[in-house]
Structure formats: C-alpha cells, structure tokens
Amino acid sequence: MSLKQVEHVKLLDRFSTSNKSLTGTLYLTATHLLFIDANQRETWILHHHIAAVEKLPLTTSGCPLVIQCKNFRVVHFVVPRERDCHDIYNSLLQLSRTAKYEELYAFSYNPKQNESEQAKGWQLIDLAEEYKRMGVPNDYWQLSDANRDYKICETYPRELYVPRTASKPIIVGSSKFRSKGRFPVLSYYHKDKKAAICRCSQPLSGFSARCLEDEHMLQAISKANPSNRYMYVMDTRPKLNAMANRAAGKGYENEDNYSNIRFQFVGIENIHVMRSSLQKLLEVSGTKGLSVNDFLSGLENSGWLRHIKAVLDAAVFLVKAIAVESASVLVHCSDGWDRTSQVCSLGALLLDSYYRTIKGFMVLIEKDWISFGHKFSDRCCQLDGDPKEISPVFTQFLESVWNLTEQFPQAFEYNEAFLLQIHEHVHSCQFGNFLGNCQKEREELKLKEKTYSLWPFLLDEQKKYQNPLYNPSFSPNLTLLEPNTVSFNFKFWRNMYHQFDRSMHPRQSVYDLIMDMSEQNKQLEEDIKQLEAKIKRKSGQSDVVLLKEHQQSAHPAPVMLKTPPCFKKDQPLIPLNDAVRTIEGSNTADNRYSEFMEELSKAEPAIVSLEYGVARMTC
Amino acid sequence: MEFAELIKTPRADNVVLHRPFEPAVEGTLCLTGHHLIFSSRRQDNAEELWLLHSNIDSIEKRFVGSLGTIVIKCKDLRIIQLDIPGMEECLNIASSIEALSTLDSVTLMYPFFYRPMFEIVEDGWSAFLPEKEFEFLNALTDEWRLTYINKDFSICPSYPPVVTVPKSIDDETLQKVAVFRHGGRFPVLSYYHKKNGMVMMRTSQPLTGTNGKRCKDDEKLINSTLGPGRRGYIIDTRSLSAAQQARAKGGGFEVEVYYPQWRRIHKSVERFNILQESLIKLVEACNDQSHNMDRWLSKLEASNWLTHVKEILTAGCLAAQCIDREDASVLVHGTEGTDSTLQITSLAQIILDPDCRTIRGFESLIVREWLQAGHPFQQRCAQSAYSNSKQKWEAPVFLLFLDCVWQMLHQFPCSFEFNEHFLVTLFEHAYASQFGTFLGNNENERSKLKLPQKTMSLWSWVNQPEELKNFKNPLFEANSLVIWPSVAPQSLQLWEGGLLSKLMTIL
C-alpha cells in the first residue's frame, strides 16, 4: 500500500475544552499511523491497536476523526479537508480489521534476528521445566500423554499433568463430561503443602446427570494430596449463572455425587458484563471537565473495581484453602479459560514468589493463559470477528496484579511499566505469543518459525521493568502474600487508562529517580574499585602513607548506601535526559522528563484553564 | 491541684489495649492531668502509649459482665480500645477521661505545663518575624511598607501587630479602609512574585450592604497596587449568588465601576459546617468494614471530600495562574478572609514559590498565612470527626489545605524538601499538642495568653537537626520552577497517610 500523507492536521488535547491543539502531518504506513507535530514530536499508532475509528460531523476547522485504541489511547484529529479525512477513515477501517492471521504485524515484523536466535527466543520459557520447578512429576502427579495429539481437548496443551491414579479411561470419561472436553488437570503444585490448584470447565451435569469417571477424577485429585482428605471445588461464576447453565445441560458439581468435596461459588461476572463494565469506565474517564463526584459515581456505576475485587477475593479464597488448610482446589467457570485463568494465575502468584519475578511472571502467563487456551485472539479482537467475544479478562488480571504491587511494593521484581508493556503487546500482534486462541492453533500457524517471541525482548530491556524497591528477602520462595481486599485498597489504575494522557500523571517519578540513584551508586562503587586497584598498583612498592589512605578509603561505599541519599546541591546527580520511562515501546524519541521541564515552565494546566474560562464568564 | 479531683481511679492493671493493625497488648493504664498512659510493663519489650487528653474527640463505654470497654476516638482520627476489668474502675476512668478531655480553659492545656527535654537552639516564637520577611521584600521593591497601625490590635483584632501595605497608603487611610472591611481586615500583602513583580493580597469582604456603599479609600488602596494600564483579578471565594446574598447582612463585593482595573472572579469554596460534615462522612466511609465496593465508592462520593480538595486546589491554581501566566495581581477574599482565603493564598504560594516547598519556607508560610493571618485554629480544631457534641465553629480547613499540599507532593515527589510525615505531624499538632503554636485564634489572643513566654513553640522542636531529619524528603532536589498540579479527578487520591492509615476500626 502506498504511503499517504496529509498536511496541517490538528491533534486536539483530549481533555482541553479550549480546543488546545498541535498542528502537524499525518502519515499512513502499512503498519502504523504516524503524526509528527511542528516540534518534530512523533505519535505512533499501530493499526492493530485501533479499536474504533469515528468520523464526527464537519466543523469550521475541518473534519474531526476520533481514534480509540486498545491500549486506551484516544486521539482526536482534525483533518482540514473532508475528502482526506474520509480517505484516512476508510483506510484505517480496512487496516485495523484483519481477516487472516497471516496478515497480522507479527508475520511481517522483523527484528533482525537469525533463525537460531529466533528459536532460542521461543525456548526461553520452558513449561516442562516449570512443572519440574514446582515439583512434578512426583509420587502423586504424572505427565499424561492423553492429549498428545489434541485428541481429547483441542484447547488444552499437549502436555498435561494429572494424578497418577487417574487412568486414561478416567481421563477420557471425565473429559466427555466436561464442557469443551476441558477435564481437571494440574495448574499449580504447592511443594510444601502437597496441595494442588487444578482447573477444568463446567461439568455437563444438567439437572441430574452424573459421570462416574469424573467423580473418580476428582477423587484422584483429592487423594493425590496426602495432607488433606477433602478438596475444594470453586465455581467462579455467580450461583445464578451456574444454575441457568443447568437448563442447557451444563452446570456445576452436585456435592452428593462427589465424595469429600466442598463446593463454593465465588461470583465473578461473565465476559459480557466485564466488557460493558469497561465500556462504562472508559466513558466516564474520557469525560471532559469531569467532576470528582461524577467520576466516583461513574466508577461505582461501571462496577469495574467491584469486578477487580471479586477476582482478587476469589484468588484469596483459593490461596487460603491451600496455605491454611493444605487442601487442593479445583477451579472452573463455564469453559475454564477466562475466570479460571484469572483465579488460578493470581492464586499461584500469591502463593509462589517465583511468579513475582520478571521471568516468573512470563512463565505464569505462558502457563495459565497461553498454554491453557485463554482465547487471546477472540478476547482482544486480533481478527475481525464477533464483537461479543471481546472482553478485558486479561486486562483485569494485570490490574489485579497491579493492585498487589501497590499493596506489596517490595514483593515484586517488576514494576507497573512491565505490566503496561505486556498489555500493549497482547494487543499489538507484533509478537507471536498471544496470537490465536490455543496452542493447537498456534502450531498450525507455525508461529515459532514465522514470528518472534516477546519475552526475550522484554528481558533485554528488563532494566526498564525493574522495581527499584524489590527486596527478594521480603518474601522468599513460597511466602504467601495476604492482600487486604478492603474496598479502599482498590484504586483506579490511572496509568493504564490514562497512560497517554500525560497531563494527569505525576510530573516526577520516584521510581525513576531511585533507579537512577542505585545505578549511580553502582557506578561509583565501580569507580572506587578501579581507583583502589590503581592505588594498589602504584603504591605496591613501598609507600606506607598511601597504604594508610587506601585503607581509609576502602569502605566508603557501604557508608554511602547506609545514609539516606541526600543530594549535594552543587552536583546534578540526576542526568536530566536519563530519567525517562518510555512505555510506548518502539518509540525512543519520547523524552518525558525534558518535556516535563518544558511543561512546568510553559504549558498551562489544562483543567485549571478550563475552570478559569468558566470563572471568567461570571465576571 | 484540680486535676487530681477529676481522677478517681488513677491506675488500672490488666488492661488490654487494642489498636488497628497491631496485636492486642495487656498492661497498666495510668491517668495523669494531661495524659492517658498505657504501659505493657513487659521486661523484654516494654511498650508505652501516651495519649493527650486534648486529643480525645469522643469516648464510648460498654460492659460485658464486669469487663468494661472504652473506645477512644481521637482528633487525629485514631481509634483505640481499652478493656478494663472492674465496672467501677472502668466507669471512673471513663468519666475522668471525659472531664479531662473537655477542659474549657486554655490555660489548663498541656502546653502550659510542658517542659521540654531538649535544648532550644532557636526559639520558634521569634524565628519568623514579619520584619525579617519584609527585609527580603524590601530588597526587591520599595513600593511596600510595614505598618504598626494594629500594634494594639485595635484596628483589626484578627490581624497581627505588623502587616505589609502599599507604601503610598498612609495609616489614616488604612484606618478608614478597615472600617469598610469585614472584621477590619483591610487588604494586606500576602505574596510578591519576584519573576514579574505581581502581587497577591488578601482581605475580607467589603461592607457595601444593600445600598451599595462605597469607600474611596478602599478603592484608592486597591487601585494603587496596580500600575497604569495593568489589570488585576479579585478572586472571591464565594459564588456570585452567595456574595449577592451577603449584601443583605451588610457584606458584599467590589463593584466593577469603582475598581475599573480589576475583574472579579467567583470561585466558590465551601465553608465551615459543610467541610466538617464532609470530614465526618469521609471518616465514616473509611471505617465501614462491609467490604462492599459500591458502598465504599458511593460513601466516598457522598462525603464530597475529594470534591473539596479539587475545588480548593483549583482555586489555588487559578490565583497562581493569574499571577504567573496573566501577569496580573490578585486580591483574594471570601467573607471573613480567615479560611478559604488563606487556603488559596497559601496554595498559590506553594505553586509559585520554590521557597515555600522547603521545610523552613513551609513553616514560614504556615506562620504568615495561617497563624499571623488569623485563622482561628482553636475554634476550627476544637473537635474532629467523631465528636457527638453539636458543631459550632469546627471545620477541617487546615486539614484540607494539608491534603491539597499532599496532592502536590504526590504529583511532584522530588520538589518538596519535606515529606508526608511532616504534613501529618502538622495535622496532629493543630488538633492536640504539647506546644503552644496552634493555641488561640489569632495573634491578639496569643499575646494575651502570653504563649511565647509560657509555652514552647512547635518550631523550636521541629527545627532541631535530629528531629528535622525525620521530616526530610530524601528525593528532594530544589526545583526553581512553578509547579502546576493536575486537578483531574483521576489524578487526585485519598490521602492515605493522613487519613486512611489511622483509621480502620478494630471493632
């Protein structure tokens, strides 16, 4: 497709009522929409990120075009000529709606790696290794080859771990009694408690049907835990929804038919409720001149934080069963790929500090989300498809994790930027990891040969994603995180939903500063070592005086680390240009700190000037 | 000594103390004239709680058998619970606490009895004299002078003895202007913006009344602060309708014809009981244990607390914007000019003046714009969120100001020399303190009470190097720029350290 270019396009400030704008040129490339303003600042928008394009009625200054992105960026252009606007609109509609996987960016994205680097990248996360780390296979759990050819369940991975006592007929029987064949399998094994998190889909119980193999399957899971006789079955749906499913021949476990199970509903709403909840949230947060009360009531009406709390409450319930009662837990919802993935992965994150490291978090996503068939393609609308399948289930997972990082600032190796970057790429279709709906589909697409894995790229730039407050000894190994889920601990995630609305962000970042300082400390320690080595070399012969001095200067580093980092005013400790956190990924020209300096001295506070305008009129 | 009469049971053993977030401790409870003291008396890990009676906002007692329970709710929003064995002891202790926490004479307050255990390096009472401040101003401009017209507090009882006024206006004129302004609070200089020479003044409402009285001297004073061809903004902290209604009670606002270079902006900021109710509702919402998200959000909304924070911060930004962006001088007033006016003038200074973001500068700001400017601390901070008694003059005006400062600190974490703990400390001392700084309602009362002679200044304690280090922000790097906070609802947060962290009931 040919490069299109439109001059004198205005980019409006989303929240300014005085129509503050930047003028520049809009370029349309095969993969991106690019806007370069008069100050040569670039705004890149990936076509795959576009969720909706809207042409508003013509105004005197031109034709407005509003683009909403999946990463919650909203841009408002005014194109001088209606014809140009119409052209861009049509092109964007086409470009943002992909019909085939092969047309996605990942298949053309070329990071200049050779084949072996590409393969190595894909091998970075090895789930067999991960199960080994958890301690399986062992006396109770084994690798099953039942699904080796995706014959039993198309949406599960090939390699599944099940209780040793669960024979193949039991597995096959159980899978026939479960929605989409998603029979109970191991998701996480707690070494110390010998308790397991297992996952599956709803049973096809209807009003009275039962299945002996399925009952055996649950019993096998129960028996695979020597420390407790009973197990929990968590249905993550609201009871009403589960009951309604019985009329369709699905439903939930009848406690009378299964021995030693404790059945529990935890009431997380379905994907449709979540989709409309996010829609409401975005409507509220996108309002110009929003009042505090409208914001809070909008937040309440959207139900969004209630849903996040429900997800985290469910995870806390799960974790308590395992950590306090040493009981195994089987988690399911309807199909076992949305709410089940949320609860299982959050549960594991609370139980096992490995998942709170950068690498561990990648493993967790690969395991509970990618391999177990969370339908990323449908949920994130990678291809033009059924809008009713779209739902922010994974976003909710990230937001739950973010809430935990806020409550436990020392427990996580990664920071908010890491979560935001993953969210960015779940929608970008730039890497192969999240393409498709299940492993089988990914294999058919030959993603490992044709696309690249996201994880090695994140690891390469992991400095950006490190939490400077992370303290590995705060929660060693299997330390349980016990979050307080009282309502006021759940906050609106401004940096997610207003990631690109910078006027709303804190103007200075503590994390960046701490990161820079620790970086600087490292550098200084390095310098000290080198200087010491130099002194040693020079004074090696005889000089006693120098040696004395040398001894004095041998330990300044720890002293410096101990005293609170108070700055010396005469020396600019923070290099102004380094204090940048780029969230937008590929775009490195983005320098927030210098912009901040500029903003401080030049720009006006958008919201204030708005009210100012109102105030003036009453004069 | 009359305190002893109020204490029937000075000591009780085997008392159990419950506090939020901490395990219960058993120990001994002692009552003194000014403190409730609890000691775990454990050899290995002695723990003591000293609570000023004046910090107690309300107490509740209840009994289960002979075990009595007293729930103490403090003005700094803490809630503690004491289980006291023995009904009589419990009743005695409860009535003593009630009596001791509601002493009506200021001179019986703890600051008059407190003897410092530290050596005073610099007396806080004389650390921020108007004369010294004026020296800095005088080095920049000679258009202003100090007037001692109020030295015996006869012109304006709520003003300090010394204030800064335009040089061209003599004391005789000031006297006439004072008659035209509510409470005698004639316009005085609040802030001089070095960058462009613009000024911020504050006053109270003009007493125009229904028949539109005017005062030529007032017009002369206000107009004299603007050069020819320059414009100024009068920021009225009431809505237009409220200002119009004020005329019926003898108050009013500046009519544009008489102040041709000035434009009036009405930026309404809530007052008194509305703010007090807001705090009560907010604390109630925070203490709600129902774990229901919708209920929390609707209660938070109903409290309106964050709306007030946004309003006040926005008004502060507006004043700062007029001065820095529009190159205009500003005159701020509401009705009395002792509450919302001071919130706005002090916030504007924090935005504009980097000095106000240092510890010393912030202290100076509190002294100038709140204590000397006559914010009635004693009235406003007499009761806090838990009080059952009928509200009179209580209002969390100062707490809201501190909250706004925290919002800025939160958005500019490297631009303030002080930390959150400093703000929390000021909040606590404004409500209950061993220091005399926040006693009295204005300088007049303070001088009558002889506070500088009889009590210790909070600043004497804070400014000791070993204390000061607790209040320092390690990330501070002097930033000479104007800082514009975002006032979008998405950018404002509930001040956890000041409000939430003390809450959460144990019950």
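As recorded in an unreviewed UniProt entry, chain B goes by Myotubularin-related protein 9 and comes from Gallus gallus. For the record of chain B, the UniProt heading Sequence similarities (unreviewed entry) holds the text "Belongs to the protein-tyrosine phosphatase family. Non-receptor class myotubularin subfamily."

As annotated in an unreviewed UniProt entry, chain A carries the name Myotubularin related protein 6 and is attributed to Gallus gallus.

Caption draft 1: Fine view of the overall build of chain A. Within chain A, the secondary structure is distributed over 23 helices and 14 strands. Here chain A holds 619 residues, and the buried ones make up 56% of them. Within chain A, residue pairs in contact and separated by at least 24 positions form 71% of the contacts whose partners lie at least 6 positions apart. Summing over all exposed atoms, chain A offers an accessible surface of approximately 27,000 Å²; the carbon and sulfur share of this is 51%.

Caption draft 2: Seen up close, the UniProt feature "active site" (unreviewed entry) in chain A. All names here are of chain A. As annotated by UniProt and renumbered to match this structure, "active site" (unreviewed entry) occupies Cys333. Inspection of the secondary structure assignment puts Cys333 in the loop between β14 (329-332) and α10 (339-351). Its relative accessible area of 3% is what places Cys333 among the buried residues. With near-sequence residues (within four places) excluded, Cys333 lies in contact with Cys200, Ser201, Gln202, Asp235, Thr236, Arg237, Asp338, Arg339 and Thr340.

Caption draft 3: Representation of the nonpolar core in the model. Core analysis: the largest hydrophobic core is formed by 231 residues, its most contacted members being Phe361(A), Phe362(B) and Phe401(B). Ranked by size, the runner-up nonpolar core spans 30 residues in total, among them Leu137(B), Ile169(B), Tyr192(B) and Tyr259(B).

Caption draft 4: Layout of the sheet that holds strand β12 (residues 231-235) of chain A. All names here are of chain A. Reading across from one edge, β10-β11-β14-β12-β13 is the order of the five strands in this open sheet, with mixed pairing throughout. Because the sheet does not close on itself, it has two edges, and the strands there are β10 (185-190) and β13 (261-265). With strand direction ignored, the average angle separating the axes of adjacent strands in the sheet is 20 degrees. Inspection of the sheet shows β12 paired to β13 by five bridges, in the parallel sense. The partner of Val233 across the bridge, within β13, is Phe263.

Caption draft 5: Focus on the pairing of strand β12 (residues 232-236) of chain B. Residue and element names in this part refer to chain B. For β12, the tally of buried residues reaches five of five residues, placing the bulk of the element in the interior. Burial along β12 is two-sided: the residues Gly232, Ile234 and Asp236 and Tyr233 and Ile235 are all buried. Pairing between β12 and strand β13 (residues 262-266): five bridges, direction parallel. What sits directly across from Gly232, in β13, is Trp262. Taking the sense of rotation as the criterion, the β-α-β connection linking β12, helix α6 (residues 240-246) and β13 turns out right-handed. The sheet contact formed by β12 and strand β14 (residues 329-333) spans five bridges and is parallel. Its bridge partner lying in β14, Asp236 is registered against His333.

Caption draft 6: Fine view of the pattern of salt bridges. Counting across every chain of the model gives 50 salt bridges over all chains. In this structure, the salt-bridge partner of Lys132(A) is Glu129(A), at a minimum N-O distance of 4.0 Å. Placement of the pair is Lys132(A) and Glu129(A) together in helix α3 (residues 127-134), with a separation of three residues, close to one helical turn. Note on Glu129(A): relative accessible area 43%, which makes it partly exposed. Notably, a salt bridge pairs Asp76(B) with Arg78(B), separated by 3.0 Å at the nearest N-O pair. The exposure class assigned to Asp76(B) is buried, which follows from its relative accessible area of 2%. Residue classification places Arg78(B) among the partly exposed residues on the basis of a relative accessible area of 27%. Each of the salt bridges in this network shares a partner with another, and the network as a whole consists of Asp338(A), Lys375(A), Asp378(A), Arg379(A) and Glu389(A).

Caption draft 7: Main features of the packing of aromatic side chains. Residues and elements named next belong to chain A. Inspection of the entire model under this criterion finds 57 aromatic pairs over all chains. Aromatic side chains Tyr232 and Phe317 sit 5.7 Å apart centroid to centroid with 85 degrees between the ring planes, which places their arrangement in the edge-to-face category. Here Tyr232 is found in strand β12, whereas its partner Phe317 is found in helix α9 (residues 304-323), with 85 residues between them in sequence. A relative accessible area of 26% means that Phe317 is categorised as partly exposed. Seen in terms of ring centroids, Phe434 and Trp455 are 5.9 Å apart; in terms of plane orientation they differ by 80 degrees. Their pairing is edge-to-face. Taken together, the residues span a long stretch of sequence, with Phe434 in the loop between α14 (416-428) and α15 (439-444) and Trp455 in helix α17 (residues 454-460) at a distance of 21 residues. As far as the burial class goes, Phe434 and Trp455 line up, both buried.

Caption draft 8: Examining helix α11 (residues 359-372) of chain B more closely. Residue and element names in this part refer to chain B. With 14 residues, α11 should cover 20 Å at 1.5 Å per step; its first-to-last C-alpha distance of 18 Å lies within 8% of that length. Looking only at α11, the buried set comprises Ile359, Gly361, Phe362, Glu363, Ser364, Leu365, Ile366, Val367, Glu369, Trp370, Leu371 and Gln372. The backbone nitrogen of Gly361 has a side-chain oxygen 2.9 Å away, supplied by the residue at the start of α11, namely Thr358. Where α11 ends, the next residue or the one after it, Gly374, has phi of about 85 degrees, a positive value.

Caption draft 9: Geometry of the packing of helix α10 (residues 340-352) of chain B against α11(B). Residues and elements named next belong to chain B. At their nearest, the axes of α10 and α11 sit 10 Å apart, and the two run at 155 degrees to each other. For the element pair α10 / α11, the angle class is roughly antiparallel. α11 is crossed by α10, and the crossing has right-handed handedness. Residue-level inspection shows Leu342, Gln343, Thr345, Ser346, Gln349 and Ile350 of α10 in contact with α11, the latter providing Phe362, Leu365, Arg368, Glu369 and Trp370. Taken together, the residues that form the contact of α10 with α11 break down as five nonpolar, four polar and two charged.

Caption draft 10: Representation of the pairing of strand β2 (residues 21-28) of chain A within the structure. All names here are of chain A. Summarising the sheet, strand β1 (residues 4-12) and β2 pair through seven bridges and their orientation is antiparallel. Bridge pairing links Gln5 to Tyr27 in β2. Looking at chain direction, β2 and strand β3 (residues 32-37) are connected through five bridges and run antiparallel. What sits directly across from Tyr27, in β3, is Leu34. If you look at the hairpin formed by β2 and β3, you'll find three residues sitting between the two strands.

Caption draft 11: Layout of the side chain of Ser204(B). Residue and element names in this part refer to chain B. By the element assignment, Ser204 lies in the loop between β11 (198-202) and α5 (216-224). Look at Ser204 and you get buried, because its relative accessible area is 0%. Among the polar contacts listed, one links the side chain of Ser204 to the backbone oxygen of His182, at a separation of 2.6 Å. Beyond its immediate chain neighbours, meaning those up to four positions away, Ser204 contacts Arg181, His182, Arg185, His333, Gly334, Thr335, Glu336 and Gly337.

Caption draft 12: Quick peek at the sheet that holds strand β5 (residues 56-64) of chain B. All names here are of chain B. Spatially, β4-β3-β2-β1-β7-β6-β5 is the arrangement adopted by the seven strands of the open sheet, whose pairing is antiparallel. Only two strands of the sheet have a single partner each, and these edge strands are β4 (48-52) and β5. On average, each strand axis in the sheet is tilted by 30 degrees relative to the strand beside it, whichever way the strands run. In this sheet, strand β7 (residues 79-85) lies alongside strand β6 (residues 67-74) in antiparallel orientation, the contact comprising seven bridges. Opposite Val71, over in β7, you have Gln81 as the bridge partner.

Caption draft 13: View of unusual backbone geometry. The peptide bond linking Val136(A) to Pro137(A) adopts the cis configuration, its omega dihedral lying at 0 degrees. Within the secondary structure layout, Pro137(A) lies in the loop between α3 and β8 (141-144). The phi torsion at Asn304(B) lies on the positive side, around 65 degrees, for a residue other than glycine. On the accessibility criterion, Asn304(B) (26% relative accessible area) is partly exposed. Here the phi dihedral of Lys450(B) falls at roughly 55 degrees; this positive angle occurs in a residue that is not glycine. Summarising the element assignment, Lys450(B) is placed in the loop between α15 (443-448) and α16 (451-454). Residue classification places Lys450(B) among the partly exposed positions, given a relative accessible area of 44%.

Reading the values: rules and limits
Residues numbered from 1 in each chain as written. Chains lettered and ligands numbered in written order. Predicted model: local features only at pLDDT ≥ 70, side-chain atom pairs only at ≥ 80, totals over all residues. Heavy atoms only, no water. UniProt positions renumbered as here; feature names shortened; annotations may be inferred. Helix = DSSP H or I, 4+ residues; strand = E, 2+ residues; numbered from the N terminus. Buried < 20%, exposed > 50% of the residue type's maximum accessible area, 1.4 Å probe, protein only. Contact = heavy atoms within 4.5 Å. Areas by Shrake-Rupley, 256 points an atom, 1.4 Å probe, with all protein chains shown as cover. Core = buried A, V, L, I, M, F, W, Y, C linked by side-chain atoms within 4.5 Å. Pairing = 2+ DSSP bridges. Axes fitted to C-alpha atoms, helices over the stretch in contact; angles between N-to-C directions. Right-handed = clockwise from strand over helix to strand, strands pointing away. Salt bridge = Lys/Arg side-chain N within 4 Å of Asp/Glu carboxyl O. Phe/Tyr/Trp six-rings, centres within 6.5 Å; stacked < 30°, edge-to-face > 60°. Expected span 1.5 Å × (residues − 1). Polar contact = N/O pair within 3.5 Å; in protein donor to acceptor, adjacent residues only side chain to side chain. Parallel < 35°, antiparallel > 145°, perpendicular 65-115°, else oblique. Left-handed = near helix turned anticlockwise from the far one by under 90°. Nonpolar A, V, L, I, M, F, W, Y, C, P; charged D, E, K, R; others polar.

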